[in-house]
Amino acid sequence: MPGEPIYDERELLLLLSQGDAMAFEQLYRLYSARLLGNFIRLVKSEAVAAELLQSLFIKIWDNRCTIDPDKSFCSYLFRIAENLVYDYFRKAARDKKLQATLVSRATGQYLHVEETLYSKESAHALHDAIAALPSQRRIVFELVKIEGRSYEEVSRLLNISTSTISDHIVKATKFIREQLGNNYEFSISMLFLVIADIISPA
């Protein structure tokens, strides 16, 4: 019967690539609630989350002809979502009124991130990722992000420049995000750490 929902995702994606609006609407219904919930948890604003969700599905429609129906559509959606959140905080960081809030969220995020992970296995994965860092990089990361020491203080303790410390933090954060790439929510949380270094490097 016409108008009946299609439950095969691959078929929906094939129809979407042909410009089928009903297929697009069904995919939206399948994923929008989960995506919106993630956006709200990350940006702490329902209005901003709704805007990001709208932007995401506009991108899906605009790029419908390039979506591979044989690859995970869910992974594709959340990869776009991650980029949108990153862009949002990069743009927000340019607003002086939001900088203090961003830095506060960023520096506090690591201390609470284990409370937001879904399992003990994820917490162990976090510990393992930090432990796998090169010795000095791990020490710098722990001093700055776990103990909350300033770049100047760490510079004096380790006798290295603040620019070297910044380099260690950026590379450590990138490494940890790559190691935990399968944990979407933690991967997004790590973006807050990156933003802190972009807008407040010392």
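In what follows, the accompanying structure is described. Being a predicted model, the structure only gives us computed values, none of them experimental. (Residues numbered from 1 in each chain as written. Predicted model: local features only at pLDDT ≥ 70, side-chain atom pairs only at ≥ 80, totals over all residues. Heavy atoms only, no water.)

Considerations on the pattern of salt bridges
Thinking step 1. Under the definition given, this model contains 4 salt bridges.
Thinking step 2. As a salt-bridge pair, arginine 10 and aspartate 70 come within 2.6 Å of each other at their nearest N and O atoms. You can see arginine 10 sitting in helix 1 (residues 9–17) and its partner aspartate 70 sitting in the loop between helix 3 (46–62) and helix 4 (73–92), a full 60 residues away along the chain.
Thinking step 3. Judged by relative accessible area, which is 40%, arginine 10 ranks as partly exposed.
Thinking step 4. Arginine 29 is the salt-bridge partner of glutamate 25, the closest N and O atoms lying 2.5 Å from each other. Highlighted residues: glutamate 25 and arginine 29, both in helix 2 (residues 21–43), separated by 4 residues, approximately one helical turn.
Thinking step 5. On the accessibility criterion, arginine 29 (63% relative accessible area) is exposed. (Salt bridge = Lys/Arg side-chain N within 4 Å of Asp/Glu carboxyl O. Helix = DSSP H or I, 4+ residues; strand = E, 2+ residues; numbered from the N terminus. Buried < 20%, exposed > 50% of the residue type's maximum accessible area, 1.4 Å probe, protein only.)

Re helix 1
Thinking step 1. Among all positions in helix 1, only Leu12, Leu13 and Leu16 are buried. What you see down the axis of helix 1 is that its buried residues fit within an arc of 100°, all on one side.
Thinking step 2. At the N-terminal boundary of helix 1, the capping side chain belongs to aspartate 8, with an oxygen 3.1 Å from the backbone nitrogen of arginine 10.
Thinking step 3. Glycine 19 sits one or two positions beyond helix 1 and adopts a positive phi of about 85°. (Arc of directions from axis to C-beta. Polar contact = N/O pair within 3.5 Å; in protein donor to acceptor, adjacent residues only side chain to side chain.)

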